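One-letter residues, chain by chain:
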Amino acid sequence: MTPAFSAEQSAFSQRLTEIVGSASVSTDERVTAEHTVDGLKPFVVVFASSAEQVSQVVKAGNQFEKTIVPWGSGSRQSVGPCLARADAVISLKPMNKIIELDVGNYTVQVEAGMVNRDLHRQLAEQGLFLPFDPFCTETSTIGGELATNVSGPSRAAYGTARDIVLGITAVSPTGDIIHTGGKTMKNVAGIDLGKLLIGSQGTLGIITDTVMRIFPQAEVNRSLLLAFPDAEDAFQVVSRLLASKLTPGSVELVDRLVGHHLEPAGGPPLEENGVLLMVSISGSREDAERHQKDISTLAEENKVDSTVILDGTEVNGIENAYHQAHQSLFTSPSVVQGKASVPLSKQGEMFRAIKKTGSKYGVPVGVTVHGYNGILYTRFDASVADPSGIINDLNGTAAGLDGFFMVEAAPLQFRKNGAVLPPRSDYKLMRLLKNSLDPRNILNPGKLVGGPG
Amino acid sequence: MIQQSFIKELTGIVGRDNILSSRKDLLAYSYDSTSRQEMPEVIVFPRSTAEVSGVIKAAHRDKVPVIARGAGTNLSGGTIPDRGGIILELSRMNRILDIDTANHRAVVQPGVVNLDLQNALAPFGFVFPPDPASQEMSTLGGNVGENAGGPHCLKHGVTSKYVYGMEVVLSDGEVINVGGSVEDNPGYDLRGLLIGSEGTLGIATRLTLHIIPKPETSRTLLVIFETLENASQTVSDIIGAGIIPGAMELIDKTTCWAIEQGISAGYPTDAEAVLLIELEGLQDSLDRQVRDISEICQKNKVRELRIAKTSAEQAALWQGRRGAFGAIARICPQYIVMDGTVPRNKMVPTIHRVDEIAKKYHLTIALVAHAGDGNIHPLILFDTGNPEEIVSARKAGDEICELCSSMGGTITGEHGVGLEKLHAMFTQFSSADLSAMRRVKEVFDPEGILNPGKLLPPEEDESLHETKEVAG
């Protein structure tokens, strides 16, 4: 069934057809419905195959005053503030190739629609790895991951996208193709627009390709799974690790709700209020041995219940299980997913406060922690009677610890009513930037954090 | 032209002891570490955020240029007051406000000297990883303004990775905070946008920095090669073996000779290239790394591999490298330092082309490089008494910028654009790229008072250059 369009909509769709060809434009109800964001169904979906096409489409959006929603796999569209209007969705799905793998330079340039998991697989075949493992779905694209600035366990050792990305090509909100950075390890020429684009949620540009750092795979990859009956002890080990000379690849803590899902992949069982500390080690044999020895000692000194050490493919197994658990528990549409960011020494306190708040409202709250970054992800069921009470409590707790808490993803009605942003003094400047770079408000209107409304 | 009444107003803000306007004093702030000189109209030394804001408000009202300056060590003309105005000298905002090792954080004022912070962190066993060669003098505010690098960025990354947040005074005097004291702050990364913006978007008045525990131990190796190719292949092979040293510096024959004229660091004066490699990490893994690197060096026909046996020997080797620019200055007081960066596997062809440029202009070009990063520092020597040679040196510099761009690299990896590389920007960016940057500049500084004329080349000059073609 094709719905009736206004003359203006038809003219816009016609223009899109001229740009990408009729096979890559769809106004079919089934296709547009699949690309609904925040309850807003676009009237047209266009599939772009090149930066040039993206540029032409955005120019057409400006000309016809139609808003455009950039789309990778759609897995993180319900993150952040609500979209205000969706005329067209531009899908970068056809842009899914490696443009250049430069092994001698240790960089890879990929199109934005490339699926992260596919990229990881292709790099692994050549003994290489990309230290960018955000908690996303099997189909999440690199472009979408950069636009939402998501991250994963490896940020402990390698930083976030803002550290791993060397260059970005993007289409500006007015349709210009712009380049920022490049393929060198250092680059300070001009204003660093790449930093601005990463995490801008498609409001300042559509990322079309990127150059990222890659590394040779380590000699040894090992995973230490340490079960603690008490969260206090697990966080004590993290504090001592942070003060030590050790350099683990990642340091994650999960509660029983999440830990339970890791048992089939080798995770030790947890007690009711237990916490699983997962430390990954990657490096030379000597490095791994030393890490294993010291961390085991630290754990024993802090009342560890059981220790499991995984090696080789078992490490992949536990990492996959962790990602899958995150995906199913935290990104389900019926879940309120939040994120707290606190100083490193306050992580344990925040963890306990989250658990206490859950008990107060009679809602189990699942928590995972990037233990080297002070980031705690929370999840609870959206059917809870009074979600705003929990959120307000957590906002207050995080602020009291010199950090913040915010709802990242949640069902629509909840995000419209309940999403409270931490107060900041730089939102005004962000709005000015958006207005200046996107004068007709074409790209993802309303999605700007701290924006109007 | 600044009126006497304006200077009086500024005196009211910062106090009589924190303002200079005599010709003699203005001269002292008329230059940086490049060979250019232009006169400012007044120098102020604010001691607080409120004073910075007060000065900026006055400047904003009267549309007077404001150039934020730390220690003036920059190598791109970034703090040259070529349009007069106010030099906002931040060296008196030099307090370390907090060292919080439990949270891997230090809070500092922008005028704190990089090495002073390192020294304050040392008793706690912590470091701030960015270590520009100028660290004995350069300020952290300046490091942030330029997004400074340094030898140890190979392993740890550049300044932008180590800034949690900043307090910033905007061009109208408003004070805001970007980033924060924790990670993943919501909204656009204005922190990342401001870092490296060379004082053109705002002035940082307080920095929250990320500090890390000092590595357990380190080893310093001096590796001597007969050819540049062998040295460079060694660099590639080390990274390919999964070893990321703390630093991996390449030093050419001319520079080694200059270093040895000044201090006896123990460098050879007859080898084409030496590598100064610093390994850092756990005691357990370094013995093995040294063995692996020795094997790689043997394979690449090393002439000699020396391992510093004591910390004094380590320090001597590093003193040689850190003093390289100064050593060159002793044999030739005037030179231009380039800092282009190319893909790591393009470093050797780039260096050969630099040699050709030297021959073409009959110039001596010495070279040091952060080899692991592909970041080269050709030092173009010239005689200030020889006008033709000055012109040649400038032309050679422009050609090296173009060369680095054409190799798929950048005109500047560390030192910034400033005034020196304004026109080279056209070789790296399209007019669309530059226009997007100008829009950002206009949002932050609509009156154009913050370090005007730096970083972004004038739009009207675009027609004089063939800007980079937009890739499809």
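Owing to the predicted nature of the structure, the values given are computational and were not obtained by experimental measurement. (Residues numbered from 1 in each chain as written. Chains lettered and ligands numbered in written order. Predicted model: local features only at pLDDT ≥ 70, side-chain atom pairs only at ≥ 80, totals over all residues.)

Asks: How would you explain the sheet that holds strand β10 (residues 203-210) of chain B if you had to name every residue and give the values?
Replies: Residue and element names in this part refer to chain B. Taken together, 5 strands build an open sheet; the order of strands is β5-β6-β10-β8-β9 and the sheet is antiparallel. Of all the strands in the sheet, just β5 (96-100) and β9 (175-179) have a single pairing partner and so form its edges. The average undirected angle you get between the axes of adjacent strands in this sheet is 15°. Direction of pairing for β5 relative to strand β6 (residues 105-108): antiparallel, over a ladder of 4 bridges. By the bridge assignment for β6, I99 is matched with A106. Strand contacts of helix α3 (residues 49-62): β8 (163-169), β9 and β10, with the helix running at about 50° to β8, the strand carrying the most contacts. (Pairing = 2+ DSSP bridges. Helix = DSSP H or I, 4+ residues; strand = E, 2+ residues; numbered from the N terminus. Axes fitted to C-alpha atoms, helices over the stretch in contact; angles between N-to-C directions. Contact = placed C-beta atoms within 7 Å.)

Asks: Mind laying out the nonpolar core, listing which residues take part and the relevant values?
Replies: Core analysis: the biggest nonpolar cluster contains 268 residues, and V46(A), I90(A), L88(B) and V274(B) have the highest contact counts within it. Of all the elements, helix α9 (residues 231-242) of chain A adds the most residues to this core, at 7 residues. The contact partners of I90(A), leaving out residues within four places of it in the chain, are V46(A), A48(A), V54(A), V57(A), I68(A), P70(A), W71(A) and I206(A). (Core = buried A, V, L, I, M, F, W, Y, C linked by C-beta atoms within 7 Å. Buried ≥ 20, exposed ≤ 12 C-beta atoms within 10 Å, placed from the backbone.)

Asks: Can you break down the environment of V188(A) residue by residue, with the values?
Replies: Along the chain, the position of V188(A) falls in the loop between β9 (177-181) and α8 (193-197). Measuring from C-alpha to C-alpha, the distance between V188(A) and V103(A) comes to 23 Å, with 85 residues separating the pair along the chain.

Asks: Account for the domain arrangement of chain A, naming residues and giving values.
Replies: Residue and element names in this part refer to chain A. Taken as a whole, chain A is organised into domain 1 (98-216), domain 2 (220-328) and domain 3 (331-418). For domain 2 versus domain 3, the distance between C-alpha centres works out to 23 Å. Listed as interface residues are 16 residues of domain 2 and, on the opposing side, 16 residues of domain 3. Elements represented by at least two residues in the side of domain 2 that touches domain 3 include exactly α9, β13 (250-255), α10 (256-259) and α12 (313-330). Residues that form the side of domain 2 that touches domain 3 fall into these classes: 9 nonpolar, 4 polar and 3 charged. (Domains from an automatic or database assignment. Nonpolar A, V, L, I, M, F, W, Y, C, P; charged D, E, K, R; others polar.)

Asks: How would you summarise the pairing of strand β3 (residues 68-71) of chain A if you had to cite specific residues and measurements?
Replies: Residue and element names in this part refer to chain A. On β3, burial covers both faces: I68 and P70 on one face and V69 and W71 on the other are all buried. Where β3 lies against strand β4 (residues 88-91), 4 bridges are found, and the strand directions are parallel. Bridge assignment links I68 to a residue of β4, and that residue is A88.

Asks: Please provide a residue-by-residue account of helix α11 (residues 311-322) of chain B, values included.
Replies: Here α11(B) contains 12 residues, and its C-alpha end-to-end distance of 16 Å stays within 8% of the 16 Å for a straight helix at 1.5 Å per residue. Looking at the buried residues of α11(B), the elements they touch are β12 (217-225), β13 (247-252), α9 (253-262), β14 (273-281) and α12 (324-331) of chain B. (Expected span 1.5 Å × (residues − 1).)

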